[in-house]
Every structure is written in C-alpha cells, then in structure tokens.
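Notes for the structure review
Letter by letter, the chains look like this.
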Amino acid sequence: MSGKAVPTFSVAERDRRWGLARAFMEREGLDALLVFGEHEDAGPAPFAFDTWFTNGRAGTTVVFPRDGDPVSLFPMEMFTKDHLESTRRGDVIWIPPENIRASRDSRAIGDTLRQLGLENGTIGVVGLEPYPPWHPEGIVPYRLWNNVSERFPEVRFKPVAMALSRLIMPLSHEEIAVVRHSARIGDAMVRAMVDTAAAGVPESEVYAAGMAAGYARGTIPAAMHFWSGPDPLASGLPQWGYRPQAPRILRDGDIISAEVFCNVGGRHTQHQATITIGEPHEDLRRAADVARTAYDAGLRALRPGRTFGDVVDAVRKPLDAADGWEFGPAVHALNPAIALSGFPADASRRMAGASAYPAEADHPTISGDLTLEPGMTFAFEPNYAYGRRLAYIGGTVIVGEDEPIELNPYTARILRAAGGDATICAGVDSSF
C-alpha cells in the first residue's frame with residue numbers, strides 16, 4: 001500500500017449537499033423529498049441515493065423536509081447499534097439520533113410525514129422511476145407504495161429521481177478525491193489479478209487475489225464479473241458463484257475478461273480488464289485496436305458543454321466502421337449511473353447458438369441529452385469482437401474543466417499475464 005491518507009467527507013460536504021437539495025426543492029416547488037435506498041449488498045450500480053444525504057450505511061429511507069433537516073428511517077435495529085458505535089468512536093456523523101427512526105415500512109414513513117406536517121404537501125420521490133439496468137420500473141415495493149398513497153390522498157407525489165440525479169452528478173472536490181482513491185484501489189485489484197494469473201492456476205485464485213487487494217486497501221468492492229477461457233463471450237458472476245461446480249483451471253492461450261467494481265464512501269469506479277495467458281490471438285489484437293480507437297475518440301469528445309450523446313456518437317464511429325461486432329454498451333455514467341450508450345441488439349446474433357434465444361430489441365442511448373459538466377464521472381468500456389475474440393477495455397474518466405481526467409489508463413488496453421518483450425499493437429500492454 002502507498003500510505004496515502006484516505007480522503008473523507010466533511011461536515012462542509014454535508015452542508016453543500018443539503019444546500020443543493022433545499023435549492024432543488026425550492027426550484028421544483030417541493031415541500032419535501034422522500035428517498036428510497038437499495039439494500040447495502042446490492043452489488044454494482046446500486047440504487048443508493050439515500051447515502052448521498054446520510055454518509056451512512058445504504059438501505060435506508062430518507063425524508064427531507066425543505067425547511068428542516070433530513071430524517072433517516074433504518075431497516076433494522078443493527079443500523080442503530082452501528083450508528084451509536086460510530087458516534088462513540090468519533091466518526092463524522094451527518095444524521096443525529098433525534099433524526100433517526102427505527103423502521104422504514106409504510107407505517108413508519110406515514111408517521112414521519114405526519115410528524116413533519118406534510119399531509120397536504122408536494123413531495124418529490126426518488127425510487128419510482130426506472131433505473132437501469134436492474135430496476136426497469138423503480139425499486140419501491142407495490143404494497144408499501146400502495147399503503148402510503150392510500151394513507152395520504154391529499155399529497156402530491158412527484159417522481160424526481162432523474163432531475164435530482166443530474167443535479168448531483170457534478171462531484172465536489174472532496175468527492176473527486178474519493179473517486180481518485182477508489183480508482184487507485186481498482187487498479188491495484190487488477191494488478192493483483194495480472195500477477196496471479198497463469199496457466200495451471202484456478203480462476204478462483206485470480207478472482208480472490210483481485211478482491212483481496214480491494215479488501216486490504218480498506219474498501220468492500222462489489223463482486224466482480226469474471227469469465228475465462230480461450231474465447232469467452234459473456235459478462236457476469238463466474239458460474240461457480242451461483243451454480244455448484246468447480247472453477248476452471250487456466251490454460252495457455254486463455255483470456256480473462258473481468259469487470260472490476262470498486263467504491264469508496266458511495267463513490268464508484270469501474271475497471272474493464274482483459275488479461276491474456278500467453279500470446280494474444282491475432283483477432284484479439286485487432287479487436288483491441290478498434291476498442292482503443294473508440295476509447296480515444298470518447299476522450300476527445302468528453303468536454304464540458306457537449307452532451308453525452310455527442311460522446312456516444314464519437315465512440316461509436318470507429319465501432320461502426322470496423323468489420324467485427326460490438327458486444328455491449330461502450331460508455332455509461334457513474335455516480336449515479338443514469339446515462340448509458342446504446343448498441344445494436346442484432347450484433348450479438350452472430351454468436352453461434354444465439355438464434356435459439358428470444359430476439360432482443362435495439363438498445364437506445366439513455367440520457368443522450370445530458371449536458372456534460374466538470375466533475376461528472378463515466379465508465380469508458382469500449383468493446384469489440386472479431387469472431388469469438390472479444391477485447392473489453394477501459395476505466396473511469398472524469399469530465400475536467402478543459403481536458404478529461406483519465407483515472408485508469410492501465411486497464412485501457414489488453415494486459416498480458418504471461419509476459420512479453422515487444423509492443424504488439426496500440427491496444428495491447430507489453431509491460432509484463
């Protein structure tokens with residue numbers, strides 16, 4: 001470890017966020033915000049807007065009156081015990097005990113709204129709108145929402161997640177420091193995987209090395225997506241993570257394709273790792289060149305005042321011009337993940353056996369009209385395949401005042417676990 005001090009969030013950061021929220025409520029004509037949060041073990045791209053207000057454990061519900069301070073509704077008593085112990089140890093606590101409630105069911109929400117005099121108000125709700133990819137129709141349970149709606153027929157509930165998301169995407173200096181810290185840890189996770197990967201090693205050992213590097217540096221990363229084989233065309237948890245079977249033993253000529261997720265204090269980074277065991281296949285080299293060209297085009301387009309759609313168009317030009325195929329989306333927003341590049345669904349029909357599965361519709365770009373501002377964070381993950389040889393590269397990029405801030409150039413190329421003494425192509429790393 002480098003010995004660098006871990007950046008933290010101050011009371012000034014709390015006041016900045018709460019001030020933004022109050023100004024947002026004033027501008028939108030809201031008397032309060034009702035913010036739902038997803039369980040803390042949700043994995044990558046969690047719906048965790050609650051933590052933006054609380055700087056605490058994910059999985060709470062927040063009621064924030066425009067003329068008062070936020071109230072945090074806990075899901076279980078263990079959250080209270082943790083809050084008390086953190087207070088005793090001197091941690092920076094944003095929500096005092098008097099603004100905590102012991103439950104977040106519909107009764108507790110209703111009681112809190114009444115206590116705050118909101119029975120006839122206009123309340124902005126975060127949790128009712130779609131949040132890709134895991135929540136196409138929101139996260140609020142039907143029974144809970146039905147109970148709240150029936151109890152408060154005079155309240156005007158207004159979905160505001162998208163508008164609030166755009167407000168909080170430009171990160172503060174404190175948040176950017178935390179994102180940089182997360183990005184360094186993510187790089188360390190991938191380096192540990194590169195150091196461990198070799199023919200004869202179980203893929204689970206490579207997975208463990210990466211996760212352990214995150215744990216050892218003081219964060220709890222979401223489970224990474226990880227596949228290995230001579231030509232894997234998949235993305236998700238390794239099969240032995242959800243099905244009783246032995247991990248693969250790596251062989252010479254294999255590829256490891258991994259999405260590594262890191263987060264510190266609710267600020268997320270993402271790292272695309274393609275690691276070769278031995279000499280990369282010629283088709284993989286060609287695919288890496290196309291992906292790297294798309295990556296560089298996206299960097300040139302990521303400027304304040306332009307739109308997310310402009311970036312998507314720039315990234316897609318090299319992909320569309322080449323004669324292979326695109327595996328999945330090439331760029332998406334982080335902190336929060338409200339923007340996603342589209343891609344043609346029919347491209348994946350080139351995979352042998354794909355015709356046996358239901359056809360998908362094309363995937364349109366989400367939030368293409370989002371205007372870029374300094375401090376916004378994005379995962380650049382261009383990918384391209386020739387035949388079954390898939391290059392999936394990239395990392396986290398911040399919109400700078402002028403130039404983009406590239407946090408993970410290390411993973412923006414193919415990585416070689418088995419060494420090599422010559423540069424193979426622009427998209428392949430030769431430093432191992």
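Residues numbered from 1 in each chain as written. Predicted model: local features only at pLDDT ≥ 70, side-chain atom pairs only at ≥ 80, totals over all residues. Heavy atoms only, no water.

1. Examining the overall build of the protein chain
- In terms of regular secondary structure, the protein chain is built from 10 helices and 16 strands.
- Its C-alpha radius of gyration of 23 Å places the protein chain within 12% of the 22 Å reference for a compact globule of 432 residues.
- Within the protein chain, the fraction of its 432 residues that count as buried is 53%.
- Put simply, 69% of the contacts in the protein chain that link residues at least 6 apart link residues at least 24 apart.
- When the accessible surface of the protein chain is totalled, it reaches about 18500 Å², and 52% of it is carbon and sulfur.
- In the protein chain, 42 positive and 55 negative side-chain charges are present, and the distance between their average locations comes to 1 Å. (Helix = DSSP H or I, 4+ residues; strand = E, 2+ residues; numbered from the N terminus. Rg over C-alpha atoms; globule rule 2.2 N^0.38 Å. Buried < 20%, exposed > 50% of the residue type's maximum accessible area, 1.4 Å probe, protein only. Contact = heavy atoms within 4.5 Å. Areas by Shrake-Rupley, 256 points an atom, 1.4 Å probe, with all protein chains shown as cover. Lys, Arg positive; Asp, Glu negative; His and termini not counted. Charge placed at Lys NZ, Arg CZ, Asp CG, Glu CD.)

2. Some points on the confidence of the model for the protein chain
- The predicted model of the protein chain averages 93 in pLDDT, with 96% of residues at 70 or higher.
- With pLDDT under 50 throughout, residues 419-426 is counted as low confidence; its partners more than four residues away or in other chains account for 15 contacts. (pLDDT = per-residue confidence, 0-100.)

3. Overview of the sheet that holds strand 9 (residues 267-276)
- Across the sheet, which stays open at both edges, the 4 strands sit in the order 7-8-9-16 with mixed pairing between neighbours. The two strands at the open ends of the sheet, each matched to only one other strand, are strand 7 (225-229) and strand 16 (415-416).
- Bridge count for strand 8 (residues 255-264) against strand 9 is 10 bridges, and the pairing is antiparallel. Along strand 9, the bridge assignment pairs glutamate 259 with glutamine 272.
- Each of strand 7, strand 8, strand 9 and strand 16 is contacted by helix 7 (residues 173-196), which is oriented at about 20° to strand 9, the strand it contacts most. (Pairing = 2+ DSSP bridges. Axes fitted to C-alpha atoms, helices over the stretch in contact; angles between N-to-C directions.)

4. Structural notes on the pairing of strand 11 (residues 377-380)
- Neither face of strand 11 is left uncovered, since the one carrying Thr377 and Ala379 and the one carrying Phe378 and Phe380 both have all their residues buried.
- Relative to strand 11, strand 10 (residues 331-334) runs antiparallel, the two sharing 4 bridges. Bridge pairing in strand 11 places valine 331 opposite phenylalanine 380.
- Alignment of strand 11 against strand 14 (residues 395-398), held across 4 bridges, turns out to be antiparallel. Within strand 14, the position partnered with alanine 379 by the bridge is threonine 396.

5. A look at the environment of isoleucine 366
- Structurally, isoleucine 366 is set in the loop between strand 10 and strand 11.
- Distance in space between the C-alpha atoms of isoleucine 366 and alanine 223 is 25 Å, their sequence separation being 143 residues.
- Look past the residues within four positions of isoleucine 366 in its chain and what remains in contact with it is Pro132, Phe308, Ile338, Ala339 and Leu340.

6. Side note on the nonpolar core
- Membership of the largest hydrophobic core comes to 110 residues, with the highest contact counts inside it found for Leu33, Phe36, Phe53, Ile256, Phe378 and Phe380.
- Of all the elements, helix 9 (residues 282-301) adds the most residues to this core, at 9 residues.
- Core analysis: the second largest hydrophobic core is formed by 7 residues, Leu233, Ala347, Ala385 and Tyr392 among them. (Core = buried A, V, L, I, M, F, W, Y, C linked by side-chain atoms within 4.5 Å.)

7. Brief notes about the pattern of salt bridges
- On inspection of all chains with the given rule, the structure shows 28 salt bridges.
- In this structure, aspartate 111 and arginine 151 form a salt bridge, with 2.8 Å as the shortest nitrogen-oxygen distance. Taken together, the residues span a long stretch of sequence, with aspartate 111 in helix 4 (residues 106-115) and arginine 151 in helix 5 (residues 142-151) at a distance of 40 residues.
- In this structure aspartate 111 comes out as partly exposed when scored by relative accessible area, which is 31%. (Salt bridge = Lys/Arg side-chain N within 4 Å of Asp/Glu carboxyl O.)

8. Considering the sheet that holds strand 3 (residues 71-73)
- Pairing in this open sheet of 6 strands is mixed, and the strands run 4-3-2-1-5-6 from one edge to the other. The strands lining the two open edges of the sheet, one partner per strand, are strand 4 (100-101) and strand 6 (156-159).
- In this structure, strand 1 (residues 32-36) lies alongside strand 2 (residues 61-65), joined through 5 bridges in antiparallel fashion. Bridging across to strand 2, alanine 32 finds its partner in proline 65.
- Its contacts with the sheet place helix 1 (residues 11-28) against strand 1, strand 2 and strand 6, and it is angled at close to 65° to strand 2.

9. Notes on the UniProt feature "domain: Peptidase M24" (unreviewed entry) in the protein chain
- UniProt tags residues 179-399 as "domain: Peptidase M24" (unreviewed entry).
- End-to-end, the C-alpha atoms of residues 179-399 are 13 Å apart, and along that stretch the chain is 30% helix and 20% strand. (UniProt positions renumbered as here; feature names shortened; annotations may be inferred.)

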